[in-house]
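# Architecture and fold: a report
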Amino acid sequence: MTADTGSSPGLPVFVATLCLAIVVITAAVSLAGSAGGGAPVSSAAQCPCMAATLSVPAVAPVVPAPNPIVEAQAVSGPVIPEHLASADLELTQPPAADLVPYTARNFSQAATAAIAWWMSPGFMDNTSEFRRYERSTAEQKAAYPEEHRIFFEFIQDRLDEAEGLSVLTSDVVLFRGIGPGLAAAVLDNAEYREPAFASTSYDITLSLDDFTSRSPDGYRNIIVLERQAGDNALYINEDEREFLLPRKTSWHVIKSVNVENLTVKADFLLHNRTTQTTSFDHVRLIYVKDVN
């Protein structure tokens, strides 16, 4: 899941880097394809996927299982978070069928190259600029250099292509860390709209470790969303347990819970850990439902 950082359009070096990158990536993909595909998925990914369950010790679950998001009721105004002193969040890894590497998906060479560009660690600033472009108005996009527009439209179309071919075989609960400003806007409006492709992870610990900062009240904010079997979600890589969601997706906020002490339990090793259990203090879980 890439982070948003600030930069401005119109840099010749940036354009040259983008163009060179796509040529190099395309050539690499071609060679990889002739060599026989991508790396195998770990046997740990064989577990069936169930919706993440939030529960309070010795108390009934806060959100009904097994499908907490769909069963809850959407709200139409500002969301007032509930408060819990402690709670458990249980995670189950998606099945292997939903964790096939993009290099083994028989995508077109161009689509594979676009995904490789997206996930390349050296392109953090570039992918952030790309998402700002996607969130721009038509007038703002017109202000970008033509080379930027051509390249970004190419990436956008190829990711759309890959998204269209990526259909989940089972339900999966995904997490997205957001900053204090966006969290406040989401809760005030009881909705969450993303014009760009949305990076999410099936491992909440990654979102909490790397993609959140605390709001003034001390809570870190996590969007919790569910994709159902048959929905589109593009699996990117296991390093960040990342699924990329289609652009222009909209959600309603249906519940928010402030948890002082959150214990995470999973049937897989958690991100950057050698255990399947960890804990976090002051986490705000913002449950949303896809309205597309």
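Residues numbered from 1 in each chain as written. Predicted model: local features only at pLDDT ≥ 70, side-chain atom pairs only at ≥ 80, totals over all residues. Heavy atoms only, no water.

## Details of the overall build of the protein chain
Where we set the bar: Secondary structure elements are defined from DSSP: runs of H or I of at least 4 residues count as helices, runs of E of at least 2 residues count as strands, and each element is numbered from the N terminus. For every residue, the accessible area obtained with a 1.4 Å probe (protein chains only) is divided by the maximum for its type, and the residue is called buried under 20%, exposed over 50%, and partly exposed between those limits. We call two residues in contact whenever any of their non-hydrogen atoms come within 4.5 Å of each other. We get accessible surface area from the Shrake-Rupley algorithm with a probe of 1.4 Å; when it comes to residues, only the shown protein chains can shield them.
Per the secondary structure count, the protein chain includes eight helices and 10 strands. Split into buried and exposed, the 292 residues of the protein chain put 49% on the buried side. Residue pairs at least 24 apart in sequence account for 82% of intrachain contacts in the protein chain once pairs closer than 6 positions are excluded. For the protein chain, the computed accessible surface area is about 12700 Å², with 56% contributed by carbon and sulfur atoms.

## Some thoughts on the nonpolar core
Rule in force here: By nonpolar core is meant a set of buried Ala, Val, Leu, Ile, Met, Phe, Trp, Tyr and Cys residues that side-chain atoms within 4.5 Å join together.
In terms of nonpolar packing, the biggest core is built from 45 residues, with Leu91, Ile204 and Ile286 touching the most fellow members. Counting only elements with at least two residues in this core, the list comes to strand E2 (82-91), strand E3 (172-178), helix H7 (180-189), helix H8 (204-210), strand E6 (220-227), strand E8 (242-245), strand E9 (249-266) and strand E10 (277-290). Looking at which element gives the most residues to this core, the answer is E9, with eight residues.

## So, the packing of aromatic side chains
The condition that has to hold: Ring pairs shown here join Phe, Tyr and Trp side chains whose ring centres sit within 6.5 Å, with only the six-membered ring taken for Trp; geometry is labelled stacked below 30 degrees between planes, edge-to-face above 60, and tilted in between.
Taken as a whole and judged by the stated rule, the model has 12 aromatic pairs. On the numbers, 5.1 Å between centres and 90° between planes, the contact of tyrosine 133 with tyrosine 144 is edge-to-face. In this pair, tyrosine 133 is assigned in helix H4 (residues 124-134) and tyrosine 144 in the loop between helix H5 (138-142) and helix H6 (146-164), connecting sequence segments 11 residues apart. In this pair, the class of tyrosine 133 matches that of tyrosine 144, namely buried.

## Some details on the side chain of glutamate 129
Put simply, the test is: Here a polar contact is taken to be a pair of N or O atoms separated by no more than 3.5 Å, where protein atoms must pair a possible hydrogen donor with a possible acceptor and residues adjacent in sequence count only if both atoms sit in side chains.
As for its placement among the helices and strands, glutamate 129 is situated in helix H4. Looking at glutamate 129, its side chain comes within polar contact range of the side chain of tyrosine 144, at 2.9 Å.

## Re the pairing of E10
Here is the rule: Any two strands between which DSSP finds at least two bridges are classified as paired.
As paired strands, E6 and E10 are joined by six bridges and run parallel to one another. Across the sheet, the residue bridging to valine 224 is tyrosine 287, located in E10. Judged from the 13 bridges that link them, E9 and E10 form a sheet pairing that is antiparallel. Of the residues in E10, the one forming a bridge with histidine 252 is lysine 289.

## Let's talk about the pattern of salt bridges
Inclusion rule: For this document, the term salt bridge refers to a Lys or Arg side-chain nitrogen within 4 Å of an Asp or Glu carboxyl oxygen.
As enumerated under the stated definition, the model contains 14 salt bridges in all. The closest approach of N and O atoms between arginine 214 and aspartate 281, which form a salt bridge, is 3.4 Å. Residue arginine 214 is located in the loop between H8 and E6, and its partner aspartate 281 is located in strand E10; the two are separated by 67 residues in the primary sequence. Looking at aspartate 281, the relative accessible area reads 33%, which means it is partly exposed. By sharing partners, the salt bridges in this structure join Arg135, Arg176 and Glu194 into a single network.

## Some points on the environment of lysine 265
Looking at the secondary structure, you find lysine 265 in strand E9. Excluding residues within four positions of it along the chain, lysine 265 makes contact with Asp88, Leu89, Glu90, Leu91, Gln276 and Thr277.

## Some remarks on the packing of helix H3 (residues 109-119) against H6
Basically, it comes down to this: Think of each axis as a best-fit line through the C-alpha atoms, taken over the contacting stretch in the case of a helix, with angles from 0 to 180 degrees between the N-to-C directions. Roughly parallel means an angle under 35 degrees; roughly antiparallel, over 145; roughly perpendicular, 65 to 115; everything else is oblique. Just so you know the grouping, Ala, Val, Leu, Ile, Met, Phe, Trp, Tyr, Cys and Pro go in nonpolar, Asp, Glu, Lys and Arg go in charged, and all remaining residues, Gly too, go in polar.
Across the interface, H3 lies against H6 with an axial gap of 8 Å and an inter-helix angle of 110°. Classified by the angle their axes make, H3 and H6 are roughly perpendicular. Two secondary-structure elements touch here, H3 through Ala110, Ala111, Ala114, Ile115, Trp117 and Trp118 and H6 through Phe151, Phe152, Phe154, Ile155, Arg158, Leu159, Glu161 and Ala162. Split into classes, the residues belonging to the contact of H3 with H6 amount to 12 nonpolar, no polar and two charged.

## Examining H3
Taking burial as the measure, the 11 residues of H3 include eight buried ones, the bulk of the element. Looking at H3, one finds that the buried residues are Ala111, Thr112, Ala113, Ala114, Ile115, Ala116, Trp117 and Trp118.

## Brief notes about the confidence of the model for the protein chain
The criterion, for reference: Every residue carries a pLDDT, the predictor's confidence in it, which falls somewhere between 0 and 100.
In this model, the protein chain carries a mean pLDDT of 80, and residues with pLDDT of at least 70 account for 72%. With pLDDT under 50 throughout, residues 1-16 is counted as low confidence; its partners more than four residues away or in other chains account for 44 contacts. Contacts for the low-pLDDT stretch residues 57-74, under 50 throughout, to residues beyond four places or in other chains number 41 contacts.

## Things to note about the pairing of E3
Burial analysis of E3 places seven of its seven residues in the buried class, which makes it a mostly covered element. Where burial is concerned, the two faces of E3 agree: the one with Val172, Leu174, Arg176 and Ile178 and the one with Val173, Phe175 and Gly177 are both buried. Alignment of E3 against E6, held across seven bridges, turns out to be antiparallel. From the neighbouring strand, valine 172 faces E6, where its bridge partner is arginine 227.

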